[in-house]
Amino acid sequence: MKSEKFIDLKLFIFIFIALLFLSANSILARVAISTQNIDAFTFTFLRIFSGAILLLIIYFYKNKNLKLNFKKNWLSSFMLFLYAICFSYSFINMYAGIGTLILFAVVQLSMILIALFYKEKLTSNKIFGVLIAFSGLVYLLYPKEDFSISFFHAFLMIIAGISWGVYSVIGKKSTNATYNTTDNFLKASIFTIIFGVLFVDFFKVDLFTFFIAITSGMITSALGYLIWYEVLPKIEIFTASILQLLVPIIAIFLSLIILDEKVSFELIVSTFIILFGISIALKKKV
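This text gives an overview of the structure that appears in the document. None of these values were measured; they are calculated from a predicted model.

Topic: the overall build of the protein chain
Helix and strand counts for the protein chain stand at 11 helices and 0 strands. Helices and strands appear in the protein chain in the N-to-C order α-α-α-α-α-α-α-α-α-α-α. The globule rule puts the C-alpha radius of gyration for 286 residues at 19 Å, and the 18 Å found for the protein chain is close to it. Across its three principal axes, the protein chain shows a C-alpha extent of roughly 55 × 50 × 35 Å. A burial count over the protein chain gives 54% of its 286 residues as buried.

Some points on helix α2 (residues 40-63)
With 24 residues, α2 should reach 34 Å at 1.5 Å per residue; the first-to-last C-alpha distance of 34 Å fits that figure. For α2, the N-terminal capping position is held by Asp 39, with its side-chain oxygen 3.2 Å away from the main-chain nitrogen of Phe 41. One or two positions beyond α2, positive phi appears at Lys 64, with a value near 60°.

Some points on the side chain of Thr 220
With respect to the secondary-structure elements, Thr 220 resides in helix α8 (residues 207-231). At a separation of 2.6 Å, a polar atom in the side chain of Thr 220 contacts the side chain of Asn 25. Residues within four places of Thr 220 in sequence aside, it is in contact with Phe 21, Ala 24, Asn 25, Leu 28, Thr 215 and Tyr 225.

A look at the packing of helix α6 (residues 151-171) against α8
Any two packed helices are characterised by the angle at which their axes cross and by the distance between the axes. Packing of α6 against α8 brings their axes to within 8 Å, and their N-to-C directions diverge by 50°. Regarding the angle of α6 to α8, the classification is oblique. Across from Trp 164, Tyr 167, Ser 168, Ile 170 and Gly 171 in α6, the residues of α8 making contact are Tyr 225, Trp 228 and Tyr 229. For the contact of α6 with α8, the per-class residue count stands at 6 nonpolar, 2 polar and no charged.

The rules we used
- Residues numbered from 1 in each chain as written.
- Predicted model: local features only at pLDDT ≥ 70, side-chain atom pairs only at ≥ 80, totals over all residues.
- Heavy atoms only, no water.
- Helix = DSSP H or I, 4+ residues; strand = E, 2+ residues; numbered from the N terminus.
- Rg over C-alpha atoms; globule rule 2.2 N^0.38 Å.
- Buried < 20%, exposed > 50% of the residue type's maximum accessible area, 1.4 Å probe, protein only.
- Expected span 1.5 Å × (residues − 1).
- Polar contact = N/O pair within 3.5 Å; in protein donor to acceptor, adjacent residues only side chain to side chain.
- Contact = heavy atoms within 4.5 Å.
- Axes fitted to C-alpha atoms, helices over the stretch in contact; angles between N-to-C directions.
- Parallel < 35°, antiparallel > 145°, perpendicular 65-115°, else oblique.
- Nonpolar A, V, L, I, M, F, W, Y, C, P; charged D, E, K, R; others polar.

Set out below in structure tokens:
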């Protein structure tokens with residue numbers, strides 16, 4: 001009995017760390033890109049490439065080899081790249097709290113639709129909770145005279161959310177989190193380089209933003225995603241999608257402290273609606 005409690009506690013700690021790191025990524029991206037001393041592509045490249053380097057070191061330390069397979073697993077790597085590039089460009093004109101709220105509300109919806117495709121059992125609580133949580137996102141994005149959001153940058157964040165949702169679902173099949181995460185980052189680096197060659201004309205970075213991008217890559221991304229891939233096989237797709245809606249709440253709290261971002265009435269209301277939806281969806285019937 002004690003061992004089961006220990007396993008549950010360990011899983012809870014891993015989930016908390018993963019969600020905290022996912023939240024911190026939004027803050028770090030916003031901090032760096034808002035300075036205008038680094039462009040969105042360079043931030044993405046440094047984030048993915050530095051993460052790949054750290055993961056390769058960890059993988060080699062654990063396995064004493066670098067046997068990676070370049071014949072498969074390209075979909076999850078592309079989804080990681082697509083998430084990262086859209087994520088960075090969206091923060092050119094978006095607050096960290098709002099951006100993260102949009103991101104993970106879309107992640108939730110994407111993962112729920114995929115869960116339905118895989119025929120996971122949905123209770124009335126889950127369905128009702130999802131509808132409430134999603135209504136919070138609709139309320140936030142609905143056009144208002146005194147509260148405007150760039151719909152182009154919101155669209156980029158929506159693409160990032162769908163990509164992360166697919167990436168997370170693929171992660172449920174992971175049998176080796178270190179191998180799969182290393183493989184994903186390495187191949188995502190290739191996609192990032194191709195994007196840069198085809199679409200980017202200039203690069204800009206200074207010492208401060210370089211440090212922020214590397215921190216995002218090695219710590220909150222590489223280690224965060226490694227922990228997330230360790231957690232995913234142990235929980236349902238639906239549960240993973242719901243838990244990730246805690247990320248924007250953490251990000252909003254951090255953005256108030258670190259970025260001194262403004263909190264609108266709409267953001268507060270939508271946040272509470274989403275939290276209420278989460279609580280209903282996660283409630284188990286007695």
